[in-house]
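So the chains spell out like this:
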Amino acid sequence: MAKKKKMSTGKKVGITALAAVVVIGGVVGVSKISSNSSVSSNVLNEYLPTDMTTQDLSLMTDQYAFEVAANVQQGLLSRTSSGSPKAGLAKSWSHSKDGLTWTFHLRKGLKWSNGDPLTASDFVYAWQRTVNPKTASQYAYIYSGIKNADAINSGKDKDLSSLGIKAKNKTTLVVTLEHPMPQFQNLMAFPVFFAQDKKFESTLGKKVGTSSSKQVYSGPYKFVGWNGSNKKFKLVPNKNYWDAKAVKNKGVNFQVVTDSTAALALYNKGELDQVSLTTSQQIKKYKNSKNLKIYNNSRTDYIEYNQTGKVKGLTNAKIREALNLATDRKSISQSVSEGLDGIPTGMTPAGLAKTATGGDFAKAAAKATAYAYNIKKAKKLFAEGMKEVGLKKLTLTVEATSDSSTTKPTLDTIQQSWSELPGLTVKEKYVPFKQRLQDAINQNFDVLLTAWGADYAEPLTFLNMFVTDGANNDGKWSNKQYDTLINNASDKDALSDTKRTADEIKAEKTLYDDSAVNPVDWMNAAILSNSKVKGVQYFSSGDPYYFWNAYRSKK
């Protein structure tokens, strides 16, 4: 997911089950619960480490927007506590034997938070809006495989009604695929595929989701109190939610806390119910504590190189390979997390997906790649690459978000090792998260430290990003062989676990061989949690948290 950000598998026409989940609770807390009303009452207290961006379901790209959306909206499907698909707004669903036609039956009497009826046509409107090129959704690519989605999004097909989703009546949806999609059930629980209220949105234009009042909600909560830039807001129970009685708390208070030290202090005062440890100092302090839990985050932090030609040196494969070889991933993990984060061997993180034989995909792919720190070889290749492009000196600015405490130790480690390459000067640049997203979209960078969290439990959630002209291919790398491999994995080989896995491993090897990107860290989540808060569900892919089954225990 989104740049920012997070197994069991079950087979039915090649469909892969949703991500595993961890229920956070039952941990001995280190905080002393204060007596203020939001803590003593059955209200949860959470935080975001960066500003909220949007609640426009077609335009959101980051994990924090998705975290809110996953709790205030609901899709056709939802997820059980073990991560497998379960009924959401659809009470039942089925598919044809070839996996190409899916039918969803919505619950009767569904309503939006403002009382508008929620019908099958709201899904049709939402999907058409997202793939419409005029909307400019960065997530439109994820619709690839749904009938005519690519043609519509590319502008070749001007008829939005040709998209493979039809409302047979108010409660019946039929979705038609161009080819089987292993991840399809996963996607139906992902916010980009949620319904949108055409009646409500039609008067708002580009203002949809720019504040909490400029959106309506289909899920367990309503989003209130966000004006588009303020630092405190809430989730409150949605009385129009079809299963409102299942919500076990009175809401969730959110505040934006960009400083990790301040967040930990608030947790220790009892003003936050859980906190992520994001600095090596914090992790070192709590590393042996029973209060600390380490969860697979299914997130890869990686470097993208601007290969548009704006930075001459980065169009040279030897220079990129030299930079990859000069990246000390073990030292990065140590500096960021006291070694608790994984050292990447590819873009797809360990623990996300299984191969056809049941092994871990990342482990299998590692046999085809050899990401390693080798400064001697890096110096040699860098000198050769510089000669090939006619350069004696090169200055590269590495951009990262200023809203994360992990970026500076990462960049400092990279700068130290890269600066050993002859003729290279490395500069660091820190910008707010929103600007980093925009700079990525506009290719306004030399080198970008970015991240991706899994949208679903399948390697394609990472590998899809780097196809030619992909919406999240910010470095604009292009390789025809790679495009073919991803197309095969997504289409003709989709129902064969063996063939699809082989395609995906070859794709990982192609990324490695051409030094297309540079994976630097597989981030895990280090979390301290208040033991009195039970039932918060943590997922390693897709939306990270479900709050509505959580409650504050008196014990």
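Residues numbered from 1 in each chain as written. Predicted model: local features only at pLDDT ≥ 70, side-chain atom pairs only at ≥ 80, totals over all residues. Heavy atoms only, no water.

**Re the sheet that holds strand 12 (residues 274-276)**
Step number 1: Read from one edge to the other, the open sheet built from six strands follows the order 12-17-13-16-14-15, with strand pairing classed as mixed. Whereas interior strands pair on both sides, the edge strands pair on one side only; in this sheet they are strand 12 and strand 15 (424-431). Taking the axes of each pair of neighbouring strands and ignoring which way they run, one obtains an average angle of 30° across the sheet.
Step number 2: Bridge analysis of strand 13 (residues 292-305) against strand 16 (residues 447-453) gives seven bridges, and the strand direction is antiparallel. (Pairing = 2+ DSSP bridges. Helix = DSSP H or I, 4+ residues; strand = E, 2+ residues; numbered from the N terminus. Axes fitted to C-alpha atoms, helices over the stretch in contact; angles between N-to-C directions.)

**Some words on the pairing of strand 15**
Step number 1: As judged from the eight bridges shared by strand 14 (residues 394-401) and strand 15, these two strands associate in the parallel manner. Bridged to T395 within strand 15 is T425.
Step number 2: Crossover handedness for the path strand 14 to helix 13 (residues 407-418) to strand 15: right-handed. (Right-handed = clockwise from strand over helix to strand, strands pointing away.)

**Considering the sheet that holds strand 11 (residues 252-256)**
Step number 1: The four strands lie next to each other as 2-11-10-9, forming an open sheet whose pairing is mixed. A strand with exactly one partner marks an edge of an open sheet, and here the two such strands are strand 2 (44-48) and strand 9 (221-224). Strand after strand, the sheet turns through a mean of 25° between neighbouring axes, direction not considered.
Step number 2: Here four bridges tie strand 9 to strand 10 (residues 232-237), and the two strands are oriented antiparallel to one another. Bridge pairing in strand 10 links Y221 to P237.

**Notes on the packing of aromatic side chains**
Step number 1: Under the counting rule described, the total for this entry stands at 25 aromatic pairs.
Step number 2: Ring geometry for Y371 versus Y512: centroids 5.0 Å apart, planes at 75°, classification edge-to-face. With Y371 in the loop between helix 11 (361-365) and helix 12 (375-389) and Y512 in helix 17 (residues 497-513), the pair connects residues that are 141 residues apart, well separated along the chain.
Step number 3: For Y371, a relative accessible area of 11% translates into the label buried.
Step number 4: A relative accessible area of 23% places Y512 in the partly exposed class.
Step number 5: Of the aromatic side chains, those joined through ring pairs into one cluster are F223, W226, F233, F254, Y295, Y538, Y545 and F547.
Step number 6: Residue placement shows R79 over the ring face of F539; its charged tip is 3.7 Å from the ring centre.
Step number 7: Across the ring face of W242, the terminal group of R107 is positioned such that the distance to the ring centre comes to 3.5 Å. (Phe/Tyr/Trp six-rings, centres within 6.5 Å; stacked < 30°, edge-to-face > 60°. Buried < 20%, exposed > 50% of the residue type's maximum accessible area, 1.4 Å probe, protein only. Lys NZ or Arg CZ within 6 Å of the ring centre and 35° of its normal.)

**Some thoughts on the nonpolar core**
Step number 1: Within the largest apolar cluster, 102 residues are counted, with the highest numbers of intra-cluster contacts made by F104, F123, W127 and I142.
Step number 2: In contact with F104, not counting residues within four places along its chain, are L76, L77, A90, S92, W93, T171, T172, L173, V175, F184 and M188.
Step number 3: Core analysis: the next-biggest nonpolar cluster, separate from the first, contains 30 residues, V336, W418, V426 and V520 among them. (Core = buried A, V, L, I, M, F, W, Y, C linked by side-chain atoms within 4.5 Å. Contact = heavy atoms within 4.5 Å.)

**What about the side chain of E504?**
Step number 1: Along the polypeptide, E504 turns up in helix 17.
Step number 2: No salt bridge is formed by the buried E504; its nearest oppositely charged neighbour, R500, is found at 4.1 Å.
Step number 3: Discounting chain neighbours no more than four positions away, the residues touching E504 are F361, E458, P459, L460, L463 and A489. (Lys, Arg positive; Asp, Glu negative; His and termini not counted. Salt bridge = Lys/Arg side-chain N within 4 Å of Asp/Glu carboxyl O.)

**With respect to the confidence of the model for the protein chain**
Step number 1: Averaged over the protein chain, the pLDDT score is 90; the fraction of residues at 70 or greater is 93%.
Step number 2: This model gives residues 2-38 a pLDDT under 50, and the stretch forms 172 contacts once residues within four places in sequence are excluded. (pLDDT = per-residue confidence, 0-100.)

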